[in-house]
Amino acid sequence: MGRVVCFANQKGGVGKTSTCVNLCAAIREKNRKILLVDGDPQGNATTGMGVDKHRSPTLYDVLLNGVPAADAIVTTPYGDVLPTNLELSGATVELVDIDRREYVLREALAPLRDEYEYIFIDCPPSLGLLTLNALVAADSVIVPMQCEYYAMEGIADLLKSLRLTKRRLNPELVVEGILLTMFDRRLSFSTQVSLEIRKTFGKAVYQTVIPRNVRVAEAPSHGMPVGVYAPLSRGSSAYDCLAVEFFRHNHTYEI
C-alpha cells in the first residue's frame, strides 16, 4: 500500500508547494510511481507540474461531485497529478453539510493507494477544512520551514493542530520530517534558526537544506520542476539530495 504524505504549514511563502512539486519530480526521476494531489485552491502545484488548471475534472469534482479520483488524474513526465483550481475554494463551505466531512479526501484516495508508492498532498496555507481533510487522509506530514523567526512561532501553532487531528481523527498521523527551506548562508540568522530547530526536533529535521535559489522560483512559470528547468542549479541538486534522504529517513517526530 502506498504512503500518503501531506505538505503542510499554515504560513504561506515557506516553499511548501515548491517542495511538493520538486520532491515529487525527483522521486519520479528515480522510477517510483507517485501521485501529487493539489489540495490548494490556488492551483500552483498543478501549473508547476505543467498541467492546465482550467481543465476538468478536478479535485473539486472528486470531493463534491462523486467523480472517481482515477478519472481526474493527469499523467506528466514528472509524476501523476490530481489537479485543482479556484473552484476548490468553495469546497470549504460545501463540505460543511456533508457527513464525515473530514474523511472525504481519505475515502476518495483509498482506491488509489495500491496504485502508487507515494501520494503527496499539497495543502493550502491555512488550517481549514481542506487541510484537515489532507491530514486525515495522510500517514505523515512534511513541514517545510523558512529559516526565520516567525517560522519558529508558526510551527508551535501547527503542532497544536496536528496533535488535535491525531487525537480526534487520525491516530496514526506522525511528522515525517521538518525541512528547512529558503536558507541563505549569507545571513547568520538563518544559521541560528536552523540550529534552534535542530535542537528542538532532533533527527526529525532533514539534513538536506533547500537554499534560496532563483531557478527554483523561475521554474513554475515554465510549467516544470527545477530539476528539468535548471538541472545543474543548486536548487535542483538540493531536491535530488532530499529525495535520496526521503527514501532512507526514518526519524519521525511523534506528535
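This section reports on the structure supplied with the text. (Residues numbered from 1 in each chain as written. Predicted model: local features only at pLDDT ≥ 70, side-chain atom pairs only at ≥ 80, totals over all residues. Heavy atoms only, no water.)

1. Brief notes about the packing of aromatic side chains
Part 1 of the reasoning: Inspection of every chain in the model, using the stated rule, returns five aromatic pairs.
Part 2 of the reasoning: Between Phe120 and Phe246 the ring centres are 5.8 Å apart and the planes differ by 85°, which places this aromatic pair in the edge-to-face class. Here Phe120, found in strand 5 (residues 118-122), pairs with Phe246, found in helix 12 (residues 234-248); they are 126 residues apart in sequence, far enough to count as distant. Phe246 carries the same exposure label as Phe120, and that label is buried.
Part 3 of the reasoning: Linked through ring pairs, Phe7, Tyr118, Phe120, Phe246 and Phe247 together constitute an aromatic cluster.
Part 4 of the reasoning: The ring of Phe247 carries the charged tip of Arg32 above its face, separated from the ring centre by 4.2 Å. (Phe/Tyr/Trp six-rings, centres within 6.5 Å; stacked < 30°, edge-to-face > 60°. Helix = DSSP H or I, 4+ residues; strand = E, 2+ residues; numbered from the N terminus. Buried < 20%, exposed > 50% of the residue type's maximum accessible area, 1.4 Å probe, protein only. Lys NZ or Arg CZ within 6 Å of the ring centre and 35° of its normal.)

2. Concerning empty space enclosed by the protein
Over the atoms rolls a probe the size of a water molecule, and in doing so it shows where empty space is left.
Part 1 of the reasoning: A complete count under the given rule lists one cavity of 30 Å³ or more for this structure.
Part 2 of the reasoning: Of the voids in this model, the largest cavity is the one considered here, and its volume is about 60 Å³.
Part 3 of the reasoning: Taken together, Gly39, Leu59, Leu63, Leu88, Leu105, Ile121, Asp122, Cys123, Pro124, Leu130, Asn133 and Ala134 make up the lining of the largest cavity.
Part 4 of the reasoning: When contributions to the lining of the largest cavity are tallied by element, the ones reaching two or more residues are helix 3 (59-64), strand 5 and helix 7 (129-137).
Part 5 of the reasoning: With three residues, helix 7 is the largest single contributor of residues to the lining of the largest cavity.
Part 6 of the reasoning: Tallied by class, residues from the lining of the largest cavity come to nine nonpolar, two polar and one charged. (1 Å grid on protein atoms, 1.4 Å probe; cavity = no way out; pocket = protein on both sides within 12 Å on 5 of 7 lines; lining within 4 Å. Points joined across faces, edges and corners; volume = space filled by probe spheres on them. Nonpolar A, V, L, I, M, F, W, Y, C, P; charged D, E, K, R; others polar.)

3. Description of the nonpolar core
Part 1 of the reasoning: If you look at the biggest cluster of nonpolar residues, it comprises 49 residues, and the most contacted ones within it are Leu82, Leu109, Ile121 and Ile178.
Part 2 of the reasoning: The residues touching Leu109, leaving out its near neighbours within four places in the chain, are Val37, Leu82, Ile119, Ile121 and Ala137.
Part 3 of the reasoning: Grouped together as the second largest cluster of nonpolar side chains are 32 residues, Val5, Ile34, Ala238 and Ala243 included. (Core = buried A, V, L, I, M, F, W, Y, C linked by side-chain atoms within 4.5 Å. Contact = heavy atoms within 4.5 Å.)

4. Looking at the side chain of Glu245
Part 1 of the reasoning: Mapped onto the fold, Glu245 is located in helix 12.
Part 2 of the reasoning: In this structure Glu245 is buried but unpaired, with Arg248 as the nearest side chain of opposite charge at 5.2 Å.
Part 3 of the reasoning: Those residues in contact with Glu245, other than ones at most four positions away along the chain, are Tyr206, Gln207 and Thr208. (Lys, Arg positive; Asp, Glu negative; His and termini not counted. Salt bridge = Lys/Arg side-chain N within 4 Å of Asp/Glu carboxyl O.)

5. Concerning the layout of surface pockets
Part 1 of the reasoning: Of the volumes computed, that of the largest pocket is approximately 480 Å³.
Part 2 of the reasoning: Around the largest pocket sit 29 residues that line it, and Gly15, Lys16, Thr17, Ser18 and Met182 are the ones nearest its centre.
Part 3 of the reasoning: Here the lining of the largest pocket takes five residues from helix 1 (residues 16-29), the largest share from any one element.
Part 4 of the reasoning: By residue class, the composition of the lining of the largest pocket is 14 nonpolar, 11 polar and four charged.
Part 5 of the reasoning: Forming the boundary of the second largest pocket are 14 residues, of which Ala25, Ala26, Glu29, Gly227 and Val228 lie nearest the centre.
Part 6 of the reasoning: Within the residue set of the lining of the second largest pocket, elements represented by two or more residues are helix 1, helix 11 (226-229) and helix 12.
Part 7 of the reasoning: A total of five residues in the lining of the second largest pocket trace back to one element, the largest contributor, which is helix 1.

6. Notes on helix 1
Part 1 of the reasoning: The end-to-end C-alpha distance of helix 1, which contains 14 residues, comes to 20 Å, matching closely the 20 Å that a straight helix rising 1.5 Å per residue would cover.
Part 2 of the reasoning: Along helix 1, the residues that are buried comprise Lys16, Thr17, Thr19, Cys20, Val21, Asn22, Leu23, Cys24, Ala25, Ala26 and Ile27.
Part 3 of the reasoning: Following helix 1 by one or two positions, Asn31 has its phi on the positive side, about 65°. (Expected span 1.5 Å × (residues − 1).)

7. Regarding the environment of Gly39
Part 1 of the reasoning: Along the chain, Gly39 falls in the loop between strand 2 (34-38) and helix 2 (44-48).
Part 2 of the reasoning: Considered as a pair, Gly39 and Leu82 are 43 residues apart in the sequence and their alpha carbons are 8.8 Å apart.
Part 3 of the reasoning: Those residues in contact with Gly39, other than ones at most four positions away along the chain, are Leu59, Leu88, Asp122, Pro124 and Leu130.

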